[in-house]
Amino acid sequence: MTSKSDFSADEWTRLKRAPFVAGMAISLADPGGPIEAFKETKATLGTVTAAIGGDRGPLVQELAREVAEEARQRHNPLSGFKPTSGATAGVEILDELTAANAVVAAKASPEDAAAFRDWLLAAAQGAADAAKEGGFFGFHAERVSAGEQQMLDRLREALGGPQAASAG
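Here the structure is a predicted model, which is why all the values come from computation and not from measurement.

Peer 1: Explain the overall build of the protein here, please?
Peer 2: Along its length, the protein carries six helices and zero strands. For the protein, the α and β elements follow one another from N to C terminus as α-α-α-α-α-α. A total of 168 residues make up the protein; the buried ones form 40% of that total. Restricting to contacts in the protein with at least 6 residues of sequence separation, those with at least 24 account for 69%.

Peer 1: Would you explain the packing of aromatic side chains in this entry?
Peer 2: Working definition: an aromatic ring pair is given by the centre-to-centre distance plus the angle between the planes. Under the defined criterion, the tally for this structure stands at two aromatic pairs. Centroid distance Phe-7 to Trp-12: 5.9 Å. Interplanar angle 40°. Geometry classified as tilted.

Peer 1: Help me out: how do you make sense of the environment of Leu-121 in this one?
Peer 2: Positionally, Leu-121 belongs in helix α5 (residues 110-130). Sequence spacing of Leu-121 and Leu-155 is 34 residues, and the spatial spacing of their C-alpha atoms is 7.3 Å. Ignoring any residue separated from it by four or fewer positions in sequence, one finds Leu-121 in contact with Leu-155, Arg-156 and Leu-159.

Peer 1: Quick question: what am I supposed to make of the environment of Phe-38 here?
Peer 2: If you trace the backbone, Phe-38 turns up in helix α2 (residues 34-50). Between the C-alpha atom of Phe-38 and that of Ala-127, which follows or precedes it by 89 residues, the distance is 9.7 Å.

Peer 1: Sorry if this is basic, but what is going on with unusual backbone geometry here?
Peer 2: Peptide bonds are mostly trans, and most non-glycine residues show a negative phi. Despite not being glycine, Arg-74 shows a phi value in the positive range, around 65°. Within the secondary structure, Arg-74 is located in the loop between α3 (58-72) and α4 (88-107). A relative accessible area of 75% means that Arg-74 is categorised as exposed.

What counts as what
The residue count restarts for each chain, going from 1 along the sequence in the order it is written. Reporting of local features is limited, given that this is a predicted model, to residues whose pLDDT is at least 70; pairs of side-chain atoms are given and counted only at 80 or more, and all residues count toward the totals for whole chains, interfaces and linings. In computing side-chain values, all of the structure's heavy atoms are included and hydrogens and water are not. Here a helix means four or more residues in a row that DSSP labels H or I, a strand means two or more in a row labelled E, and each is numbered from the N terminus. Type-normalised accessible area, obtained with a 1.4 Å probe on protein chains alone, sets the label of each residue: buried when under 20%, exposed when over 50%, and partly exposed for intermediate values. By the convention used here, residues are in contact when the closest approach between their heavy atoms is within 4.5 Å. We call Phe, Tyr and Trp rings a pair once their centres come within 6.5 Å, taking the six-membered ring for Trp, and we label the pair stacked below 30 degrees between planes, edge-to-face above 60, and tilted otherwise.

Pasting the structure below:
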């Protein structure tokens, strides 16, 4: 069984922030207003807390418990990661998630590594599904925008998961 003791402090911090980085990827892929950002962040946190009692395996449960406790104490879940603004932010986010995935792939059991990747993709998908994008006062808005779907596909590719059919 893979646990916190299998990782350095820096690696563990990277793993804890990874679902929030995945949610951030979606927010930056199609920036909306503050309401959309709030909904996307709330959905990401929901994915994290759902993993505490979920079936994503002991590693993800341990990460989720610790992240939830830190959130209750008002600690920034993205501590230590701040992408630059502009065109390079998406690349930096993908690099961060690829690095987190590599750490887990190297140190965790294959089952825990797969569960971790699925958790990150679930956080990103939850953020994408959280708020409608575009339209006018909600009319003709879409649940997952083209930009968000592109980022979801890029995340799946970076994490080694299957490509999804375009949602809309």
